[in-house]
Structure formats: C-alpha cells, structure tokens
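Report on the structure
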Amino acid sequence: MENDARPLSIDGLTVAYGARKVLDGLELHIGRGEIFGLLGPNAAGKTTLIRTICGRLKPADGLVRVSGQTGRDRLRHIGLAPQEIALYPHLTVQENLEVFGRLSGISRSALSERVEWASAASQVTERLGERVSLLSGGWKRRVNIAAAILHLPSLLILDEPTAGVDLAARNHLHEVITNLSLEGMGVLLATHDLDQAEGICSRVGLLQAGKLALQGVPRQLISDAFADRKEVIIELRRAPPAAHIDLLEAAGFARQDGVTSWVMLSGNEAPQLERLAQALVRSGLELKEIRLREPGLNSLFLRVIRDKAPAQ
Ligand SMILES: Nc1ncnc2c1ncn2[C@@H]1O[C@H](COP(=O)(O)OP(=O)(O)OP(=O)(O)O)[C@@H](O)[C@H]1O
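Just so you know, the residues in each chain are numbered from 1, in the order the chain's sequence is written. Side-chain atom pairs in this predicted model are given and counted only at pLDDT of 80 or more, local residue features only at pLDDT of at least 70, and totals for whole chains, interfaces and linings cover all residues. For side-chain calculations, the full set of non-hydrogen atoms in the structure is used, while hydrogens and water are omitted.

Focus: the overall build of the protein chain
Selection rule: Only DSSP runs of H or I with at least four residues qualify as helices, and only runs of E with at least two residues qualify as strands; both kinds are numbered from the N terminus onward. Burial here depends on accessible area, computed with a 1.4 Å probe over protein chains only, as a share of the maximum for the residue type. Under 20% is buried, over 50% is exposed, and the range in between is partly exposed. Note on contacts: a residue pair qualifies if any of its non-hydrogen atoms lie within 4.5 Å across the two residues. Using a 1.4 Å probe, the Shrake-Rupley method yields the accessible areas, and only the shown protein chains count as cover for residues. The charged-residue count follows a simple rule in which Lys and Arg add positive charge and Asp and Glu add negative charge, with His and chain termini not counted at all. Note that the charge is assigned to NZ on lysines, CZ on arginines, CG on aspartates and CD on glutamates.
When helices and strands are tallied, the protein chain shows ten helices and 13 strands. Viewed in the frame of its principal axes, the protein chain has a C-alpha envelope of about 75 × 45 × 35 Å. Within the protein chain, the proportion of its 312 residues that are buried is 45%. Of the contacts made within the protein chain by residues no fewer than 6 positions apart, 68% connect residues no fewer than 24 positions apart. On the protein chain, roughly 15,700 Å² of surface is accessible, and the fraction owed to carbon and sulfur atoms is 49%. Across the protein chain, the 37 positively charged side chains and the 36 negatively charged ones have centroids separated by 4 Å.

So, in structure tokens, the structure goes:
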C-alpha cells in the first residue's frame with residue numbers, strides 16, 4: 001500500500017541465521033486499535049520477528065514500516081514491553097518511569113505529564129511511590145507496560161505479558177491492553193496462551209514455517225474450521241498401556257496434556273457419549289470422565305501443527 005501509515009506493515013520479510021531462514025516472506029499488517037495475537041510453538045520465530053521489527057536484526061529481504069516510517073525512523077513509534085521485566089528494582093515506580101521517559105527523549109517539561117498519563121493508562125498510579133523490587137509480578141508487568149508507552153508509540157509490542165502472573169492480575173493486564181488499543185494503539189501480543197488470544201485479540205496469526213499460516217478473527221477461524229462439530233474429551237484414571245494407545249489413536253483420539261487426557265473431534269452428528277464411554281470401558285480403558293467441549297483456538301492450532309508436522 002502506498003503511504004501505509006498503519007501502526008505496523010510488514011511485507012515479504014525474510015530473516016535468516018546463517019543459511020537457516022526463520023522468517024520466509026512473512027506478511028503482517030496491524031491497524032490502529034487492533035490487538036494482533038502472534039502465536040506459534042516454541043522456536044517458531046516470534047522473538048526473531050519482534051527483534052527484527054525493533055531493528056535489532058537485519059532482514060535478508062522485505063520491508064518493515066511502523067506508522068509509515070522505515071529504517072531507524074520507525075523505532076521512535078515502537079513501545080516494547082519485553083518478556084523479562086526490564087526495570088530498576090531499587091528505584092520506585094515513579095523514578096523508573098522518569099528514567100525511561102528521559103531515555104526515550106521526553107523533555108523535562110513534558111515528563112511529569114507523561115508519567116502521570118502512562119501510570120494512569122497502566123493502572124499503576126497508586127503504586128508510584130513504591131520500590132519495584134517490592135511489587136508482585138502482575139504489578140511489575142503493568143509498570144513494564146507503563147515504561148513502554150511513555151513516548152506515545154503507535155505500535156505497542158508485548159512479549160508474553162502475562163507469563164507467570166495469577167488470574168486476577170492477568171485480567172487486570174487484559175483491561176490495560178484493551179484500553180490502550182481503544183486509544184488507537186496497534187498492539188502486537190506474542191503469547192503461548194491461546195485462551196488469552198481468543199479472549200482479547202481482534203485478530204490472531206499462527207507463525208509456522210516462517211509465515212503466518214492462519215490469520216483472522218479468532219471466532220471466525222474457529223467456526224470456519226469446525227462449523228458445529230464438538231470435541232469429545234476423555235480423562236483416564238491412569239496412563240494407558242501401548243495397546244490401548246493404539247486403540248485410542250485408531251478411534252481418532254489424540255493426546256491433550258500428558259497421557260491421561262485425550263481429545264477427538266466429533267463428526268457432524270451429535271456424538272453418543274454414553275455409547276462411546278461403554279465401548280471404551282469394554283475395551284479395558286479406565287475411564288474417569290467423558291465430556292463435550294466447544295473447539296477453540298487451541299484445537300485449531302494443534303490440528304494445523306499436527307497436519308504439517310513431518311511424519312515420525
Ligand atoms: N542468534 C541466533 N542464532 C542462530 N539461531 C537462532 C538465534 N536466535 C534464534 N535462533 C533459532 O531461530 C529459531 C526461532 O527462534 P525464536 O527465539 O525466534 O523462536 P520463538 O518463537 O520466539 O520461540 P519461544 O516461543 O521458545 O520463545 C529457533 O530455532 C532458534 O534456535
């Protein structure tokens with residue numbers, strides 16, 4: 001697009017470490033007010049993509065534009081809240097924000113107003129006077145975001161913003177992120193948490209083989225893939241022996257977590273849970289529970305990853 005002023009516009013991005021291409025012709029566009037969920041298994045290249053957007057890796061090919069700017073000019077439009085908390089633990093929240101504000105080039109006269117705005121937007125105002133080392137993980141993550149937005153970026157990049165925080169703190173962070181998007185920021189949210197992505201992202205993409213394999217609105221992607229089909233979940237009392245694993249796999253079940261939880265996508269007909277449970281018990285499986293679940297992003301991405309994985 002000519003004069004593309006969207007918060008993020010990436011065309012044909014290829015990044016390699018030596019001969020190994022990690023990103024291969026990737027396309028990604030994030031509009032104002034959009035929260036884009038960057039998903040992908042370990043080593044898919046999420047960090048590589050973030051480092052390239054932030055100018056820390058040089059692409060072999062392609063163009064990254066942030067608010068229409070390329071090269072180093074784009075960097076001042078980016079706010080990055082890295083996965084590792086990047087704050088001075090012995091300084092107070094206010095002192096941290098002042099230091100980061102000065103480092104990002106905010107003038108002394110504008111600094112206190114910006115600190116006030118960023119701390120209100122990240123909901124940390126009540127903790128401004130506290131030392132960062134005394135804050136819980138959830139509060140630190142919010143201060144991390146406040147530090148990233150002081151210079152009013154158009155693109156906010158969040159790398160696993162809720163890693164290691166409890167549910168209440170996670171919901172609070174979601175509120176902060178959603179409010180920032182409502183102010184017009186484009187948000188790139190890298191996460192392993194598919195429930196989180198489904199809950200707050202306007203669009204998501206699965207990074208696989210150097211490209212965004214699936215991109216779209218979460219609910220739409222799920223209904224396109226599954227229509228009205230449901231997932232049958234079974235929980236076993238103990239790990240099944242090899243013969244039973246073969247039997248489960250032959251019936252269409254795949255492992256969920258560990259070896260006692262299995263999932264199967266139903267056909268278009270409503271599944272007969274009772275009959276299925278009886279058949280499993282007759283074949284010797286120690287069934288603890290059987291239930292239905294609506295498929296979600298988890299189910300979709302597991303399916304894509306499995307389908308594309310090389311045969312063992
Ligand atoms: N500096 C480097 N030199 C060589 N290879 C690298 C380098 N950094 C990353 N890689 C490789 O590139 C691939 C992508 O790594 P990257 O860290 O971008 O993935 P990721 O999706 O962020 O993973 P995770 O979810 O585990 O953080 C991996 O196979 C990794 O081993």
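Topic: the domain arrangement of the protein chain
Inclusion rule: Residue ranges assigned to the domains are those given by an automatic or database domain assignment.
Once the domains are mapped, the protein chain shows domain 1 (8-223) and domain 2 (230-294). The C-alpha centroid of domain 2 is placed 39 Å from the C-alpha centroid of domain 1.

Let's talk about the site of the ligand
Here is the rule we go by: Each residue is tested against the molecule or strand, and it is near if at least one of its non-hydrogen atoms lies within 4 Å. Throughout this description, a polar contact denotes any pair of N or O atoms lying within 3.5 Å of each other; where both atoms belong to protein, one of them has to be capable of donating a hydrogen while the other can accept it, and for residues adjacent in sequence the pair is counted only when both atoms sit in side chains.
Every residue lining the ligand is accounted for by Tyr-17, Arg-20, Val-22, Pro-41, Asn-42, Ala-43, Ala-44, Gly-45, Lys-46, Thr-47, Thr-48 and His-192. Interatomic distance of 3.0 Å between a side-chain N/O atom of Arg-20 and an oxygen atom of the ligand. Ala-44 places a polar main-chain atom, nitrogen or oxygen, 3.1 Å from an oxygen atom of the ligand. Its free accessible area being 640 Å², the ligand has 60% of it covered by the protein chains. Every element with two or more residues in the shell around the ligand is listed here: β2 (20-30) and α1 (46-53).

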